Amino acid sequence: MYEEDRCFFISSYGLPTRWQIEQTAAAAAVPLAAVDAEVEIRLSNPLNSLPLADLCGANTNVVIVCDRAPLDEARLAILRGVLSHLERAGIAPHRVTLLIAAMDDEMPNSAEPLHGVHTALNGLGEYANCIHIAQHDPEDVRELDDMGSFEGVPLTINYRAAEADLLIAIYLMQLGDDACCAGSCATITLGVVGAPARRELRTTRFYDDRIEPSALDLPLFQRVVREGARRAGLMFAVGALVDAKGHPLAVYAGAPINVDDALADAARALQECDVDAPSYDVVLAEPNRSGRAGGSLFDAGLAAIHISLARTPILRRGGSLILPIGRRDDDGASARAFYNALTNAPSPESVIRQLRGRSLQTGEARAYLLAHAMQRHRVIAAGPQCEQLARDIHFLSSSSVREAAELAENFTGKHPRALIVRHALSTTPVFRGKLFTHDAFDAPELVAPRWN
């Protein structure tokens, strides 16, 4: 960003000139120019796996589990590539089943009728038009095979997936998503399991790793979904990283865990941006993704979680987080659950107590994590939209960023070190420098003191 652009951006928020201000944003991600060609390259050169043609034969029964109905160009491009390789391997289309994972609470099953999928597959050619299509129903116990339990989660998995000779997962991960909760293993263990497993995987113990992340072990959620996918027999995965508009940014294919890790690394590389200090007194975070204007209170809650509960947070404990609100609020089911969970409790501590131990909807999970963030930092909503609602969900509220800055100075003093994070839902500030210019422990002239 040019210096004049930087100055205009900072002055547009009206922050005090006496503040020490930096700003950061992730570089704009460039979508893939030829998605079909990239899918073909990845399928022909898979990560840590034989190509699909070497994993199956003419009598192989194949099940492809898709994380969502393939009605978008990215999923259709992946499915087109996978089916092309299966056709070349000599597998008859009647031996191939497309199993669509159960929807989350943000998108009920009725939102994606199967006739829409049939229509979409018609455009992929005759082979695609002849495969079987099924929608997973987590409530239908007749379609579930018992795979035992792991970490208290009953792993009952759709029989089509469990009994397949070759099980393939295809999925999308949006830039800014929690990589631990997305991926091929989650597509299986969350997408095509029974209702009891889905409920258990949404209990608060699976969110607590985000609050106090372990530096050594994989998060509990990731351990469970990987074990569930292993027991189901998941052998191959194709995943794509997409931007806020659904444009593919990267594609990988191969062994499931390798694909999941590669996409997580690709997302991290696109999201992370360097900052000059290990901690800041104030962070102003735009609660929106790149290419999307404004931000609602519901978006602001996610931005607060992203900044406050980062693995290496750059906002010091007790610091102020300013969230400019640029548009009216969402009215979806998740947003309603989010507001209900927050407004029905008198404090963030009460929100945590009321939700702890429960199985949470998507909006409730965001409220639970936000309540933990508000215990660490002072969260200030800045903007005239829904000031009363902001107070009801336990934000500090102000009519403008300038007023929010004055409020923040009450906690940080008149000369805070501040960071502006643009597109905070898809930008992760990271300090990579050294805290000290000289490491005393490496100095040869220093000798450890004797204590005897």
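To be clear, the structure that these remarks concern was listed above.
All residue numbers here refer to positions counted from 1 along the written sequence of the relevant chain. Only residues with pLDDT of 70 or above have their local features reported here, since the model is predicted, and side-chain atom pairs are shown and tallied only from 80 upward, although totals for entire chains, interfaces and linings are computed over all residues. The basis for every side-chain value is the complete set of heavy atoms in the structure, and neither hydrogens nor water enter the calculation.

Engineer: What am I meant to see in the packing of aromatic side chains here?
Structural biologist: The geometry of two aromatic rings is summed up by the distance between their centres and the angle between their planes. Pairs were defined over the aromatic rings of Phe, Tyr and Trp, the Trp ring being its six-membered one, requiring ring centres within 6.5 Å. Orientation was assigned from the angle between planes: stacked under 30 degrees, edge-to-face over 60, tilted for the rest. Considering all chains together, one arrives at 3 aromatic pairs under this definition. Seen from their ring centres, phenylalanine 298 and phenylalanine 338 are 5.2 Å apart, and the 70° between their planes marks the pair as edge-to-face. One end of the pair, phenylalanine 298, is in helix α13 (residues 297-308); the other, phenylalanine 338, is in helix α14 (residues 333-343), and 40 residues separate them in sequence. Exposure class is identical for phenylalanine 298 and phenylalanine 338. Each is buried. Centroid distance phenylalanine 338 to tyrosine 339: 5.1 Å. Interplanar angle 70°. Geometry classified as edge-to-face. Here phenylalanine 338 matches tyrosine 339 in class, with each residue buried. Clustering of aromatic rings is evident, with ring pairs tying together Phe298, Phe338 and Tyr339. Look at NZ for Lys and CZ for Arg. If either is within 6 Å of the ring centre and within 35 degrees of the ring normal, a charge sits over the ring. In this structure, arginine 366 is placed above the aromatic ring of phenylalanine 298, and the distance from its NZ or CZ to the ring centre is 3.8 Å. Across from the ring centre of phenylalanine 411, 4.1 Å away, lies the NZ or CZ of arginine 378, which sits over that ring. Going along the chain from the N terminus, every DSSP run of H or I of four or more residues is numbered as a helix, and every run of E of two or more is numbered as a strand. Exposed residues in this analysis have more than 50% of their type's maximum accessible area, buried residues have under 20%, and partly exposed residues fall in between, with area computed by a 1.4 Å probe over protein chains only.

Engineer: In this structure, what is going on with the sheet that holds strand β4 (residues 132-135)? I would like to understand it.
Structural biologist: What holds strands together in a sheet is hydrogen bonding between their backbones, with the strands either parallel or antiparallel. DSSP calls a pair of strands paired once it identifies at least 2 bridges connecting them. In spatial order, the strands read β4-β3-β2-β7-β8-β9; together these 6 strands make up an open sheet with mixed pairing. In this open sheet, the two strands that pair with only one neighbour each are β4 and β9 (248-254). Going from strand to strand, the sheet's axes swing by 15° on average, the running direction of each strand aside. Relative to strand β3 (residues 96-100), strand β2 (residues 62-66) runs parallel, the two sharing 5 bridges. If you follow valine 62 over to β3, its bridge partner there is valine 96. For helices, the axis comes from a line fit to the C-alpha atoms of the stretch in contact; other axes are also lines fit to C-alpha atoms, and the angle between any two N-to-C directions lies between 0 and 180 degrees.

Engineer: Which parts of the structure should I look at to understand the environment of isoleucine 131?
Structural biologist: Topologically, isoleucine 131 is positioned in the loop between α6 (126-129) and β4. Distance from isoleucine 131 to alanine 92, taken between C-alpha atoms, is 8.6 Å for residues 39 residues apart in sequence. For this analysis, residues touch if any pair of their heavy atoms sits within 4.5 Å. Among all residues touching isoleucine 131, those that are not within four sequence positions of it are Leu83, Pro93, Val96, Leu98 and Leu121.

Engineer: Teacher, can you tell me more about the sheet that holds strand β12 (residues 315-324) here?
Structural biologist: On the basis of which strands lie adjacent, the open sheet formed by 6 strands has the order β1-β15-β11-β12-β13-β14 and parallel pairing. Strand pairing shows two members of the sheet lacking a second neighbour, β1 (20-24) and β14 (396-398), which therefore form its edges. Each adjacent strand pair in this sheet contributes to an overall mean axis angle of 20°, direction not counted. One ladder, built from 4 bridges, connects strand β11 (residues 280-285) with β12; its direction is parallel. If you follow leucine 284 over to β12, its bridge partner there is isoleucine 322. Contacts between α13 and the sheet are confined to β11, β12, β13 (378-382) and β15 (417-421), with β12 contributing the most and set at about 155° to the helix. Helix-sheet contacts for helix α18 (residues 401-412) involve β11, β12, β13 and β14, and the interaxial angle to β12 is about 170°.

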